[in-house]
Every structure is written in C-alpha cells, then in structure tokens.
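# Topology and contacts: notes
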Amino acid sequence: MPRVPIPLVILLSLGVIGVSWWLHTREMDFLEPPNALQIELARTYASGHLQRPAPLFAVEDEPAPIVEVEPPEPLENGTDIDPLPLPEAGRPLQLDAFADARPPDAARFIELASRLESMTRLSSALLAWERVLDTAQPDDEQRGAAVRAIKRLQASLDPRAPDESSLPVVISVFAPADRIELTRRAAREAAADLTAAAGGILAVDSSVAALDPPRSTPTLVVRLRGPQRDLPESGQREVPAPADSDEIRKAILRALHKLAAARIAAATELTPPSQADEGEEPALALANRVTRLSWRQLGESLQPPPDEADRE
C-alpha cells in the first residue's frame, strides 16, 4: 500500500483544524464586551465552583482571611440597550423604584443592576434586579440570573425598607382532625418564614381548624387572607397532608407560593412570580422569587377598605 506523502498529511491536518475553527467561530465577535446578563451568569458560575473545592484538595475549614478588594469598574454599555439613568447617590429609594421605566425591558433592568453593583450601590442594585421579576417579562435565562442575584444580595443586605409598615395577613389552614397539633406548629413556622420572606412587609399570623367535612384522604386546605375573616381571600389550595410537621410546613409554603402568584396576577399590574424549581426550599423560593413590591401590593389588596378601617 503506497504511503501518503507527508506534505499532503500536513495540509489535510491544517485544513481540518481550519474548517473546524471557522465553523465554530464564524458568528462570534471577540471584540464585543459581554453584556450584563453574561457577566451575571459568569459570576454565578465562578462563585459556585469556588465555594465547592474538589474533595482531593479538601482541608479543614478555617476562618477566611479578610482581603480588601477594589470594587470593579462600572460596566460599560457594550450593547444596543438604551441604558436607564442612575438614581441619585445618597437618596433612599422606594420599593417601586424604576417601576415606571418605559419600556420595562428586562435587559435594561439587568444592565442597570450590574452597573449599580459595580459601584457597590447594593440596595439600589437589589431593587433593579427585583424589577426584572415583577415589572418586565423576563425569559428563563434572565429570570434565573435575577433570582440568583437577589439571593446573593439579600445575604448581605437588610431587605426591609426602613419606611415600610407591616401589613397584617393570616395563613388560614384546614387540616385533618388527627393532625391538628402538627399543623398548628407547622403553620406558625410557615408564618414566620413568610414574614421573613416578605422582608417584614407582611406581619403574618396563622389560624388552624379541623377540615369539615373531612376528606377521604388526608388533605390540607390553605388560604391567605387579611386580618378580618370576611375580607376577600386569595383563593384556596388543596394539597395532600403529610404526617410530619416540617413536611406540612413545606406543603403550606408551596401552596402559599401558588396563592401569592394568583393574587398578584389578579389584584396588581405586576408580573406574577415564577414557581420554585424541583427541590428548591419553599421559604427561599418565596424570598427570592417574590419581590418586596409584590408582597406590599398583595398585602394591601387583602386589607379592609379605608372607611371600614377608620370605623374600628
């Protein structure tokens, strides 16, 4: 069998490499800077890997040294997004900050949030990320980036707005008669979780009663209402009743997530929150996916009319 000439082998090898490079990079612009969404995804990916070292190099946990890090440079607008103006520095923002932006485009809120984070104006950045969820119509990638950013910022900020007064609401649960005590404990814990998730904007109480008439299978009926029993409610959700107190708590919170989304869609002009992913802790989903502005408007929709409140 004749040998293939070496020059031909070299030419064919270079041709394969060149064609492969061209096919995979012909649509890439290596001079265009990354946009805000790509930066957020890269930040999340990197931080997730840094927090989980490989087992081969694992050592006993020690206090991490404090390292002074220079804040990143403000993000330059490398896309065709019409940037939103920066809020005045030093002026506290209301919960509905940036909500009147027109058009309320998710990419514009993401770009603004990233600029504010790069300037270490974290409270304002949190509000801009929240507008991605409750004012815009984000796609799955944008929504995921916003949820991760909100979770990251809430870890270092007090989410409660200083001028916000708490709105009373009640978690009302009807449970099987043989699980009343378990449900009472779970409902109290769910009320505390919901108060924390709403940043103290809601003052949540709980009420538990026996299900009448009883169901053929153990069932929980969950409602969210205002402080008066005769006020309009958020509707109700029926879910299977677990036999464990913590599982009952999670079932109540998952039902509340659906009730909150339905109430926000019906009683406000905000974008309803997305539902939790499989396996996501329900309390964290309520904190990271439902914005503070959504909680406030939901709570306001469950309060007595002003004339009735004045008569009390």
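Note that the coordinates shown come from a computational prediction; the quantities given were computed from them, not determined experimentally. (Residues numbered from 1 in each chain as written. Predicted model: local features only at pLDDT ≥ 70, side-chain atom pairs only at ≥ 80, totals over all residues. Heavy atoms only, no water.)

## Quick notes on helix 6 (residues 180–197)
- Taking 1.5 Å of rise per residue, 18 residues should cover 26 Å, and helix 6 covers 25 Å from first to last C-alpha, within 8% of that figure.
- Inspection of helix 6 places Ile180, Thr183, Ala186, Ala187, Ala190, Ala191, Leu194 and Ala197 among the buried residues, and these make up the whole buried set. Taken around the axis of helix 6, the buried residues stretch over an arc of 150 degrees, which confines them to a single face. Along helix 6, exposed side chains directed more than 90 degrees from the buried face belong to Glu181, Arg188 and Ala196.
- The secondary structure elements touched by the buried residues of helix 6 are strand 1 (167–175), strand 2 (202–210), strand 3 (219–225), helix 7 (245–267), helix 8 (282–289) and helix 9 (292–301).
- Downstream of helix 6 by one or two residues, Gly199 has phi in the positive range, about 65 degrees. (Helix = DSSP H or I, 4+ residues; strand = E, 2+ residues; numbered from the N terminus. Expected span 1.5 Å × (residues − 1). Buried < 20%, exposed > 50% of the residue type's maximum accessible area, 1.4 Å probe, protein only. Arc of directions from axis to C-beta. Contact = heavy atoms within 4.5 Å.)

## Structural notes on the pairing of strand 2
- Of the pairings in the sheet, the one linking strand 1 to strand 2 comprises nine bridges and is parallel in character. Residue pairing across strands places Phe174 opposite Ala209, the latter belonging to strand 2.
- Running through helix 6, the crossover from strand 1 to the neighbouring parallel element strand 2 is right-handed. (Pairing = 2+ DSSP bridges. Right-handed = clockwise from strand over helix to strand, strands pointing away.)

## Structural notes on helix 3 (residues 106–118)
- Over its 13 residues, helix 3 extends 18 Å from the first C-alpha to the last, a length consistent with the 18 Å expected when each residue adds 1.5 Å.
- Most of helix 3 is tucked away, with twelve of its 13 residues classed as buried.
- Every buried residue belonging to helix 3 is among Ala106, Arg108, Phe109, Ile110, Glu111, Leu112, Ala113, Ser114, Arg115, Leu116, Glu117 and Ser118, and all of these are buried.
- Sitting at the head of helix 3, Asp105 places a side-chain oxygen 3.2 Å from the backbone nitrogen of Ala107. (Polar contact = N/O pair within 3.5 Å; in protein donor to acceptor, adjacent residues only side chain to side chain.)

## Here's the deal with the pairing of strand 3
- For strand 3, the tally of buried residues reaches six of seven residues, placing the bulk of the element in the interior.
- The pairing of strand 3 with strand 4 (residues 236–240) spans five bridges and is antiparallel. Directly across from Val221, in strand 4, lies its bridge partner Glu238.

## Some details on a nonpolar patch on the surface
- Taken together, the side chains of Ile6, Ile10, Leu14 and Ile17 present a nonpolar region at the surface, about 420 Å² in accessible area.
- Note that Ile10 resides in helix 1 (residues 6–25). (Patch = residues over 30% accessible without salt bridge, like charges linked within 9 Å, V, L, I, M, F, W, Y side chains within 5 Å. Areas by Shrake-Rupley, 256 points an atom, 1.4 Å probe, with all protein chains shown as cover. Salt bridge = Lys/Arg side-chain N within 4 Å of Asp/Glu carboxyl O.)

## Side note on the confidence of the model for the protein chain
- Taken over all residues, the pLDDT of the protein chain has a mean of 82, while the share at 70 or more is 75%.
- By mean pLDDT, the top-scoring element of the protein chain is helix 6 (97), and the lowest-scoring one is helix 2 (residues 36–50) (55).
- Here residues 48–78 is a poorly scored stretch, pLDDT under 50, and it has 17 contacts once near neighbours within four places are set aside; other chains count. (pLDDT = per-residue confidence, 0-100.)

## Section: unusual backbone geometry
- The step from Arg102 to Pro103 runs through a cis peptide bond, and the omega angle for that step is -5 degrees.
- Counting through the fold element by element, Pro103 comes out in the loop between helix 2 and helix 3.
- The residue after Asp212, namely Pro213, is reached through a cis peptide bond having omega 0 degrees.
- Tracing the backbone through its elements, the reader meets Pro213 in the loop between strand 2 and strand 3.
- For Phe98, which is not a glycine, the phi torsion comes out positive at approximately 70 degrees.
- Within the secondary structure, Phe98 is located in the loop between helix 2 and helix 3.

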